[in-house]
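So the chains spell out like this:
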Amino acid sequence: MRLTAEQRDQAIAAVAHSVTGRIVEMRASGGGELDSARRSALLAAAVAREDVELEVDILAFEQKTGERNYNCFRFRDGAMMALGRSGEGTPFLRDHKKYDSEAVGGTITKSRTEKVAEGHYRILQTATLREPKAVERALRGLIHAVSIGARATGPVECSLCGTPVFEDCYHWAGDEVEGEDGSVAIVEWVYTSAVLWETSECPIGAVPTAGPQSIRAAIEAAANGGGPRPLVNKDSTMNLREALAAALSLAATAGDTEIIAAVNGLVASRAELTIANAELGVLRSERDQLRAAQQATAADEFVRAALAEGKIAAGEDEKLWRAMFAASEPRARELMTARAAGCATPVGQARQSVVTAAAAPAGVAPTGTQAAAAAAPVNVEAALKEHGYDPAAIQAQLSALGSKDPKKTLENAAARETARRGGN
Ligand SMILES: [Zn+2]
């Protein structure tokens, strides 16, 4: 999120606090040794709020290459000597309360940087305490930690990007940033030039709530209108990546490449699914058509067989049986089986069968002779067609009923019928 210039300055000022310092030694003012008797006398005077003075030697700050402090900031090595000198004359406070006069316990009277080794520096200070409460706390051993506060006098850079913070990147001190190779780096803010502002006594050392991320949370909450905001210990891109990784069922450590591959996979799957759905629709439609056709074929065969056996009559009777077959094929078959062959033929009439249909085409007189029977094949097919039957389908049906030569069966049946009629 974008911060105002004021909020950036606030962040930069807030992060430059270290809580690594401690009191090294105490002396009575003027350099006298603080033996038991002098300590008791000084403490009594402090409690009585008399005019007291206590010199305190402090290891105010230490910085070593490769070691990260709690606030994840460091001073440029080349800025360390000047930084140490700048502490002289600054206030010794309680809890970094810069704007509270009552919090002043004394003054830093000596301040310098000691270079221990290459990349290893210590800022050593002497504070002269004059506020009786501060003197009392020091004498009672209640000052557990000492911390410095610095002020940037030059650019503050992102250790990862090497550019001033909030310009090219939005990395906060302490952000965990994953590199291309999957390794995670923790961002430090590098103060290229700074001066000491104050030195403070603190009740304890590294306070978890005082880290840069809580500073960030507070500043961003203020920028958002003061609403509550969760304390996040990583930058926003990290959080987004983790959320994506979780949504994609990837490990929390999944890198950009892995996440992009997973998302591309999802996109491809969705396209594939769309195609599959369309194909499935076509298949279903084909299946339904096939079922309907099979059903129709079964009904046709059922009706033709019944007609051939004279169990039903064409017309209304056939329609009823088709309807029953459509409603319940097993029931229709059961009832049909129970019917006697020829039962549908009205008394005095020929069967409503294929043979009947073939027997007497209009205008063709039955001859009752073998010669007429020999001519039957032509008449059979023509007659069937004339009555709306498909000779091939009927032959197939006869074949299904056990006829080895359906055509012949048809011819014989026609001949018999012709003979019968001729005989009447
Ligand atoms: Zn950066």
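Here's a quick rundown of the structure. Everything quoted here is computed from the prediction, not taken from an experiment.

### Focus on the packing of helix H2 (residues 36–47) against helix H4 (residues 132–139)
Turning to step 1, where the next piece is worked out: Remark: H2 packs on H4, axes separated minimally by 8 Å, with the N-to-C direction vectors making an angle of 145 degrees. Here H2 runs over H4; the crossing is left-handed. Mapping the contact onto sequence places Arg39, Leu42, Leu43, Ala46 and Val47 in H2 and Pro132, Val135, Glu136 and Leu139 in H4.
Turning to step 2, where the next piece is worked out: Here the contact of H2 with H4 is built from residues that sort into 7 nonpolar, no polar and 2 charged.

### Quick look at the coordination of the zinc ion
Turning to step 1, where the next piece is worked out: Around the zinc ion, the donor atoms from the protein are Cys158 (SG), Cys161 (SG), Cys169 (SG) and His171 (ND1), and they sit 2.2 to 2.4 Å away.
Turning to step 2, where the next piece is worked out: Coordination geometry of the zinc ion: the 4 donor atoms subtend angles of 99 to 119 degrees at the metal centre, consistent with an arrangement described as tetrahedral.
Turning to step 3, where the next piece is worked out: On the primary sequence, the residues serving as donors to the zinc ion are separated as C-x2-C-x7-C-x1-H. Of this pair, Cys158 sits in strand E8 (residues 156–158) while His171 sits in the loop between E8 and strand E9 (176–178), placing them 13 residues apart in sequence.
Turning to step 4, where the next piece is worked out: Overall, the relative accessible area of 1% leaves Cys158 in the buried class.

### Overview of the sheet that holds strand E3 (residues 73–75)
Turning to step 1, where the next piece is worked out: If you trace the 3 strands from one edge of the open sheet to the other, you get E3-E11-E8, paired in mixed fashion. Bordering the open sheet on either side are E3 and E8, each of which pairs with just one other strand. Across the sheet, the mean angle separating the axes of adjacent strands is 25 degrees when strand polarity is ignored.
Turning to step 2, where the next piece is worked out: Two strands pair when backbone bridges link them, and E3 and strand E11 (residues 189–191) are joined in this way by 3 bridges, in the parallel orientation. The partner of Arg74 across the bridge, within E11, is Val190.
Turning to step 3, where the next piece is worked out: Sheet strands in contact with helix H1 (residues 5–15) are E3, E8 and E11, and its direction is about 85 degrees off that of E11.

Definitions and cut-offs
- Residue numbers here run from 1 along each chain, matching the order of that chain's written sequence.
- The model is predicted, so local features are restricted to residues of pLDDT at least 70 and side-chain atom pairs to those at 80 or more, both for listing and for counting; the totals for chains, interfaces and linings are taken over all residues.
- To get the side-chain values, take all heavy atoms of the structure and skip hydrogens and water.
- Helix axes are fitted to C-alpha atoms over the stretch in contact, other axes to C-alpha atoms as well, and angles between N-to-C directions run from 0 to 180 degrees.
- Elements are defined by DSSP. Helices are runs of H or I of four residues or more, strands are runs of E of two residues or more, and each kind is numbered from the N terminus.
- Two helices cross in a left-handed way if the nearer one is turned anticlockwise from the farther one by less than a right angle. They cross in a right-handed way if the turn is clockwise.
- Contacts: residue pairs with any heavy atoms within 4.5 Å of one another.
- We call Asp, Glu, Lys and Arg charged. Ala, Val, Leu, Ile, Met, Phe, Trp, Tyr, Cys and Pro are nonpolar, and the rest, Gly among them, are polar.
- With water excluded from the atoms, a metal site may look incomplete; its donors are any N, O or S atoms within 2.8 Å, or within 3.2 Å for Na, K and Ca.
- Geometry is assigned from donor-metal-donor angles: four donors are tetrahedral when every angle falls between 85 and 135 degrees, four are square planar and six octahedral when opposite donors sit over 155 degrees apart with all other angles between 65 and 115, and any other arrangement is irregular.
- Under the scheme applied here, a residue whose accessible area is under 20% of the maximum for its type counts as buried, over 50% as exposed, and between as partly exposed, the area being computed with a 1.4 Å probe on protein chains only.
- The pairing criterion is simple: DSSP has to find at least two bridges between the two strands.

Worth remembering: the numbers are spatial, not functional.
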